Amino acid sequence: DAMVIQNPRYQVTQFGKPVTLSCSQTLNHNVMYWYQQKSSQAPKLLFHYYDKDFNNEADTPDNFQSRRPNTSFCFLDIRSPGLGDAAMYLCATSRATSSEQYFGPGTRLTVT
Amino acid sequence: QKEVEQDPGPLSVPEGAIVSLNCTYSNSAFQYFMWYRQYSRKGPELLMYTYSSGNKEDGRFTAQVDKSSKYISLFIRDSQPSDSATYLCATPNAGGTSYGKLTFGQGTILTVHP
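Being a predicted model, the structure only gives us computed values, none of them experimental.

**Describing the interface of chain A and chain B**
And then number 1: Between chain A and chain B, the contact holds 28 residues from the first and 22 residues from the second.
And then number 2: Around 1,800 Å² of area is buried between chain A and chain B when both sides are counted, 56% of it from carbon and sulfur atoms.
And then number 3: Considering only the side of chain A, the residues that lose the most area to chain B are S99, E100 and F103 of chain A, jointly responsible for 25% of the buried surface there.
And then number 4: Our count for the chain A to chain B interface comes out at one salt bridge.
And then number 5: Across the pair E57 of chain A and K101 of chain B runs a salt bridge, and its minimum N-O distance is 3.6 Å.
And then number 6: Broken down by secondary-structure element, the contributors of at least two residues to the side of chain A that touches chain B are β4 (31-37), β5 (44-50) and β9 (87-94) of chain A.
And then number 7: The element contributing the most residues to the side of chain A that touches chain B is β4 of chain A, with four residues.

**Observations concerning the side chain of S24 of chain A**
And then number 1: Tracing the backbone through its elements, the reader meets S24 of chain A in strand β3 (residues 19-25).
And then number 2: For S24 of chain A, a relative accessible area of 13% gives the class buried.

**Considerations on unusual backbone geometry**
And then number 1: With an omega dihedral of -10 degrees, the bond running from N7 of chain A to P8 of chain A counts as a cis peptide bond.
And then number 2: Examined against the element boundaries, P8 of chain A turns out to sit in the loop between β1 (4-7) and β2 (10-13).
And then number 3: In the segment running from G9 of chain B into P10 of chain B, the intervening peptide bond is cis, with an omega of 5 degrees.
And then number 4: Within the secondary structure, P10 of chain B sits in the loop between β1 (4-6) and β2 (11-14).
And then number 5: Of note, S40 of chain A is a non-glycine position whose phi angle comes to about 60 degrees, a positive value.
And then number 6: For K70 of chain B, which is not glycine, the phi torsion reads 55 degrees and is therefore positive.
And then number 7: If you trace the backbone, K70 of chain B turns up in the loop between β7 (61-66) and β8 (71-76).

Reading the values: the criteria
- Residues numbered from 1 in each chain as written.
- Chains lettered and ligands numbered in written order.
- Predicted model: local features only at pLDDT ≥ 70, side-chain atom pairs only at ≥ 80, totals over all residues.
- Heavy atoms only, no water.
- Contact = heavy atoms within 4.5 Å.
- Buried area = accessible area lost by both parts, 1.4 Å probe.
- Salt bridge = Lys/Arg side-chain N within 4 Å of Asp/Glu carboxyl O.
- Helix = DSSP H or I, 4+ residues; strand = E, 2+ residues; numbered from the N terminus.
- Buried < 20%, exposed > 50% of the residue type's maximum accessible area, 1.4 Å probe, protein only.

Here you go:
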């Protein structure tokens, strides 16, 4: 089945220790998104890629970076995680001609 | 004012009840609307996708859009315990035929008890 896969599902990191979250997709979609979702809140878009073109949301902190080495994979790097960065991180994909987004299962990040 | 407002609940109903979930939006330029279901500790799953005013039905689920009042609803008939989840309304900022940011409501937590 075509899908969006995120690894790891749970990640614990220490305050200030860099962490990388991974997303892969078998849907062959052009667009990949990263959302942050805190408890009982709506998902908040951090950035997205259209193919290799990177689009950062204006209010995304510089602490968050992303890489997309190929169509299938996208990474979220948090350079110096703070306690406020503890959240669920959701990866999503879509075709360029559609607003329908398909989400992965998420990575729950804990910062100690 | 948030662009999409949704009562977070929680909402608790007995099995078999009809559930009504609602959102309001402020931007009259929004044309397309989605409902996502999110089970605990999982990613959102697209349930319904509608355009323009009126109803769209899919099995036990009916999505309704009233553009005159900027109100969108999701009805669940014959609710089941497996419907227990958070339901998020969303609208694409760039319209329905292009990729881009989704603006989500806060989500309504629904519990259907046997």
